[in-house]
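In case you want the letters, here they are:
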Amino acid sequence: MSTQATNDVYGAATPGDAEGAPVINAFGGDWDDVSQEAAALHEERIVVNMGPQHPSTHGVLRLILELDGETVTEARAGIGYLHTGIEKNMEYRTWTQGVTFCTRMDYVMPLFNEAVYCLAVEKALGITEQVPERAQVIRVLMMELNRITSHLVALATGGMEMGATTVMTIGFRERERILSIFEMVTGLRMNNAYIRPGGVAQDLPAGCIDQLRETIPLVRKGIGELEKLLMENPILKGRTVDVGYLDLTGCIALGLTGPVLRSTGLPHDLRKSDPYCGYETYDFEVPVTDTCDAYGRLKLRVEEMHESLKIAEQAIERLDAGSGPVMVEDKKIAWPAQLAVGADGQGNSLDHIRTIMGESMESLIHHFKLVTEGFRVPPGQAYAAVESPKGELGCHVVSDGGTRPYRAHFRDPSFNNLQATAAMAEGGAVADVIVAVASIDPVMGGVDR
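Residues numbered from 1 in each chain as written. Predicted model: local features only at pLDDT ≥ 70, side-chain atom pairs only at ≥ 80, totals over all residues. Heavy atoms only, no water.

Colleague: Give me empty space enclosed by the protein: which residues, what numbers.
Modeller: Using the criterion set out here, one finds four cavities of 30 Å³ or more in the structure. Its boundaries defined by the atoms lining it, the largest cavity holds a volume of some 180 Å³. For the largest cavity, the lining is made up of 16 residues, of which Ala154, Gly158, Met162, Leu298 and Ala438 are closest to its centre. At the level of elements, helix 5 (133-161), helix 8 (234-240), helix 12 (294-321) and helix 17 (430-440) are the ones that each hand at least two residues to the lining of the largest cavity. Looking at the lining of the largest cavity, its residues break down into ten nonpolar, four polar and two charged. (1 Å grid on protein atoms, 1.4 Å probe; cavity = no way out; pocket = protein on both sides within 12 Å on 5 of 7 lines; lining within 4 Å. Points joined across faces, edges and corners; volume = space filled by probe spheres on them. Helix = DSSP H or I, 4+ residues; strand = E, 2+ residues; numbered from the N terminus. Nonpolar A, V, L, I, M, F, W, Y, C, P; charged D, E, K, R; others polar.)

Colleague: Tell me about helix 7 (residues 208-230), residues and numbers included.
Modeller: Owing to its 3.6 residues per turn, the α-helix aligns residues three or four sequence positions apart on the same side. With 23 residues, helix 7 should cover 33 Å at 1.5 Å per step; its first-to-last C-alpha distance of 32 Å lies within 8% of that length. Burial in helix 7 covers these residues: Cys208, Ile209, Leu212, Thr215, Ile216, Val219, Gly222, Ile223, Gly224, Leu226 and Leu230. For helix 7, the elements touching its buried residues are helix 5, helix 6 (165-186), helix 8 and helix 12. (Expected span 1.5 Å × (residues − 1). Buried < 20%, exposed > 50% of the residue type's maximum accessible area, 1.4 Å probe, protein only. Contact = heavy atoms within 4.5 Å.)

Colleague: Can you break down the packing of aromatic side chains residue by residue, with the values?
Modeller: Enumeration according to the criterion identifies four aromatic pairs in this entry. With 5.0 Å between their ring centres and 70 degrees between their planes, tyrosine 276 and tyrosine 279 make a pair best called edge-to-face. Its relative accessible area of 8% is what places tyrosine 276 among the buried residues. When its relative accessible area of 1% is taken as the criterion, tyrosine 279 is described as buried. Geometrically, the ring pair formed by tyrosine 279 and tyrosine 282 is tilted, given 6.1 Å between the ring centres and 55 degrees between the ring planes. (Phe/Tyr/Trp six-rings, centres within 6.5 Å; stacked < 30°, edge-to-face > 60°.)

Colleague: Tell me what's going on with the sheet that holds strand 3 (residues 71-78), and back it up with residues and numbers.
Modeller: Spatially, the three strands line up as an open sheet ordered 1-2-3, and their pairing is antiparallel. Two strands bound the open sheet, and with one partner strand each, they are strand 1 (46-50) and strand 3. Pairs of neighbouring strands in the sheet enclose a mean axial angle of 20 degrees, with direction left out of account. Relative to strand 3, strand 2 (residues 62-68) is paired through seven bridges, and the arrangement is antiparallel. Residue arginine 62 lies in a different strand from strand 3, and its bridge partner there is glycine 78. (Pairing = 2+ DSSP bridges. Axes fitted to C-alpha atoms, helices over the stretch in contact; angles between N-to-C directions.)

Colleague: Go over the packing of helix 5 against helix 7, please, and point to the residues and values.
Modeller: Running from N to C, helix 5 and helix 7 point in directions that differ by 30 degrees, and their axes come no closer than 13 Å. Viewed along their axes, helix 5 and helix 7 adopt a mutual orientation that is roughly parallel. Crossing of helix 5 against helix 7: the hand is left-handed. Residue-level contacts link Leu141, Leu145, Ile148, Leu152 and Leu155 of helix 5 to Leu212, Val219, Ile223, Leu226 and Leu230 of helix 7. Grouping the amino acids of the contact of helix 5 with helix 7 by side-chain chemistry returns ten nonpolar, no polar and no charged. (Parallel < 35°, antiparallel > 145°, perpendicular 65-115°, else oblique. Left-handed = near helix turned anticlockwise from the far one by under 90°.)

Any functional reading would require information beyond the geometric quantities listed.
Dropping the structure here:
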């Protein structure tokens, strides 16, 4: 606080103030600029902060709203409160260790972060075609299950923000079923570091296929419960229809992808337009709506979950039909023994340790070098993209020929889609801001990476 008379940065005089009278200045970010601008224009308007600790902003998102009564006249997103330096940290770790960092970006869809990074590294290595078929099928299975969990979080948190607590409890209940599968396969519920350059860390454990076949009908039933609770609910439709409106022109101008783009009627999906991991061999549809609003995005996510279940069932049939390697054969990239989750659900199994320590001195030496030093990637750069639950997730890796990335940069869809906040919120009511942001479904871990 200052008690000195100060000149207005916008050149506006303060009427009625005597020279030398105390002037109070508020400091903090761009707040003082906003308040001074408001004073300079002599308008009666309110500028409020929503966040970054607000429970209705999908994480530490700060929204700076200018209000005229209940109407939002200006909305700006303030980001950076969750910045973790993940991309920079990856420059100080081996290519394989990079997976453990990028999986923590958008923590609601960790397997997509891992997959896109590994696809980019494999492209830089020139081994895309060498990745075993079984590894690709496992990747597709895990990603589609992860797509469902991500959409369930979007529906659950969006419902909670509108006061529908039951929607939240059902959404998280169904997500929990799938997280149990992830824990069985990878040893972790989130931040799995399961997809690795060249394949996956280990094959599906015994009993996993049976568990999947039991779980999928239960998840399908739970999604059906959400549909009945939501889709024709007059209260929900009143809150979401024609709210957060953004048409195709706006989406293209802002570079938006995912459900926000498909809610305008454009069936853009990288799984169809630029297939990866063998998606061209699966039978599924790309749902679209033409409402351009929050209700259309909600409806899309429900339909996409049904399509993901169809893909997952096809992947399960392929995995059950036979076995095979889940990592490339190149011994300069693949570890000599496959990892396995221990009996306690974490660490390495005794089989893994026995193979490495007891059977081959060469394997032990080679394994030690690969784990501590890592493999080398030829100089160059590569870009890969996948269709994440929120849109196009891209990864650009640059190598200088060493065992660590020279640079790894991600195009996170939450970051791009968040640009739509102002276009969706301005002109609407304060309560509609919550619905608009929920329909974008941003996760700040991906925005602030």
